[in-house]
Amino acid sequence: YDEYNSDSSDYVTGNEATLDSKGQFSLDIPLKALKTKYSTDDEDIETAKLYNLSVEASVYDVDGKSVTKTTSIPYFPSNHLVGVKCDDRYKSLDKPFEFEILTVNKNGKLEPGKDVKVYVIYNDWVSVLSKGIGKFFFRENQVKKKIVETKKLTTANSAIKFNYKASDPGSYSILVINKD
């Protein structure tokens, strides 16, 4: 979870067409549109999140009457999912954050032996003074994300441990990417 990176719903694709002779219609969903970039000062990290795709179809008869049906389709961008658990949200500088990381399949069954890459990201808040209308100025707060540590790990038959001791006070995020 990264409180400085917003998630929202979005329109992915749509089409209008005539049903085939069997009363069916196929729709291709562009999966590349479901990938996002997690931008830091150091690099753009490609991520693909879980989505619950809502698909809605309306069918019109010869009299113009419509029937609309909506269904949800879960989208898994990978054959396995990464789970991360942190021992605490806040720590003093002299104590490390302790994480447990594991991988599971779509059914929640443990999947050991998967390669993951861990990014520890420092969220540095910067206040920028900008000229407004006339003689007025305003301040805009911006977050700059800096990668402070990366580590490649391989998951095991139980959660693996990863520790990070912050060198500076402030806000940090952790991003774990699987290689699948």
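Structure: above.
Please read these numbers as outputs of a predicted model, since none were measured by experiment. (Residues numbered from 1 in each chain as written. Predicted model: local features only at pLDDT ≥ 70, side-chain atom pairs only at ≥ 80, totals over all residues. Heavy atoms only, no water.)

**Considerations on the overall build of the protein chain**
Then comes step 1: Within the protein chain, the secondary structure is distributed over 0 helices and 10 strands.
Then comes step 2: Moving toward the C terminus, one meets the helices and strands of the protein chain in the order β-β-β-β-β-β-β-β-β-β.
Then comes step 3: Over its C-alpha trace the protein chain gives a radius of gyration of 23 Å, far above what one expects of a compact globule, namely 16 Å for 180 residues.
Then comes step 4: Each principal axis of the C-alpha distribution contributes one length, and for the protein chain these read about 70 × 65 × 25 Å.
Then comes step 5: Sorting the 180 residues of the protein chain into buried and exposed places 22% on the buried side.
Then comes step 6: Sequence-distant contacts, at least 24 apart, represent 56% of the contacts inside the protein chain between residues at least 6 apart. (Helix = DSSP H or I, 4+ residues; strand = E, 2+ residues; numbered from the N terminus. Rg over C-alpha atoms; globule rule 2.2 N^0.38 Å. Buried < 20%, exposed > 50% of the residue type's maximum accessible area, 1.4 Å probe, protein only. Contact = heavy atoms within 4.5 Å.)

**Some remarks on the nonpolar core**
Then comes step 1: In this structure, Phe 97, Phe 99, Ile 101, Val 116, Val 118, Val 120, Leu 153, Ile 160, Phe 162, Tyr 164, Ala 166 and Val 176 together form the largest nonpolar core, which totals 12 residues.
Then comes step 2: For this core, the secondary-structure elements that each account for two or more residues are strand S6 (97-105), strand S7 (115-131) and strand S9 (160-164).
Then comes step 3: Once residues lying within four places of it in the same chain are set aside, the contact partners of Phe 162 are Phe 97, Glu 98, Phe 99, Ile 101, Val 118, Val 120, Glu 149, Lys 151, Leu 153 and Ile 174.
Then comes step 4: Counting 7 residues, the second-largest nonpolar core is a separate cluster that includes Ile 45, Tyr 119, Ile 121 and Leu 175. (Core = buried A, V, L, I, M, F, W, Y, C linked by side-chain atoms within 4.5 Å.)

**Description of the pairing of strand S1 (residues 35-39)**
Then comes step 1: Of the strand pairs in this sheet, S1 and strand S2 (residues 44-48) are connected by 5 bridges, and their pairing is antiparallel. Residue pairing for S2: Lys 35 is matched across the bridge by Ala 48.
Then comes step 2: Once S1 ends, the chain turns through 4 residues before running back antiparallel as S2. (Pairing = 2+ DSSP bridges.)

**Remarks on the sheet that holds strand S10 (residues 171-178)**
Then comes step 1: Pairing in this open sheet of 3 strands is antiparallel, and the strands run S8-S7-S10 from one edge to the other. At either end of the open sheet lies a strand with only one pairing partner, and these are strand S8 (137-154) and S10. With direction set aside, neighbouring strand axes in the sheet form an average angle of 25°.
Then comes step 2: Pairing of S7 with S10 involves 8 bridges; the strand directions are antiparallel. Residue pairing for S10: Tyr 119 is matched across the bridge by Leu 175. (Axes fitted to C-alpha atoms, helices over the stretch in contact; angles between N-to-C directions.)

**What about a negative patch on the surface?**
Then comes step 1: Side chains of Asp 41, Asp 42, Glu 43 and Asp 44 sit close together on the surface and give a patch of like negative charge.
Then comes step 2: With respect to the helices and strands, the residue Glu 43 is situated in the loop between S1 and S2.
Then comes step 3: A residue is classified by how much of its surface remains accessible, and Glu 43, at 34% relative accessible area, is partly exposed. (Patch = residues over 30% accessible without salt bridge, like charges linked within 9 Å, V, L, I, M, F, W, Y side chains within 5 Å. Areas by Shrake-Rupley, 256 points an atom, 1.4 Å probe, with all protein chains shown as cover. Salt bridge = Lys/Arg side-chain N within 4 Å of Asp/Glu carboxyl O. Lys, Arg positive; Asp, Glu negative; His and termini not counted. Charge placed at Lys NZ, Arg CZ, Asp CG, Glu CD.)

**Some words on the sheet that holds strand S5 (residues 80-86)**
Then comes step 1: Read across the sheet, 3 strands follow the order S5-S6-S9 without closing on themselves; strand pairing throughout is antiparallel. Every interior strand has two partners, whereas the edge strands, S5 and S9, have only one. Across the sheet, the mean angle from the axis of one strand to that of its neighbour is 30°, orientation sign disregarded.

**As for the pattern of salt bridges**
Then comes step 1: Applying the stated criterion across every chain yields a total of 5 salt bridges.
Then comes step 2: Note that Lys 37 is salt-bridged to Glu 46, the shortest N-O span being 3.9 Å.
Then comes step 3: Among the salt bridges present, the one from Lys 91 reaches Asp 87, with a minimum N-O distance of 2.7 Å.
Then comes step 4: What makes Lys 91 partly exposed here is its relative accessible area of 29%.
Then comes step 5: Residue Asp 87 is classed as partly exposed on the basis of its relative accessible area, which comes to 38%.

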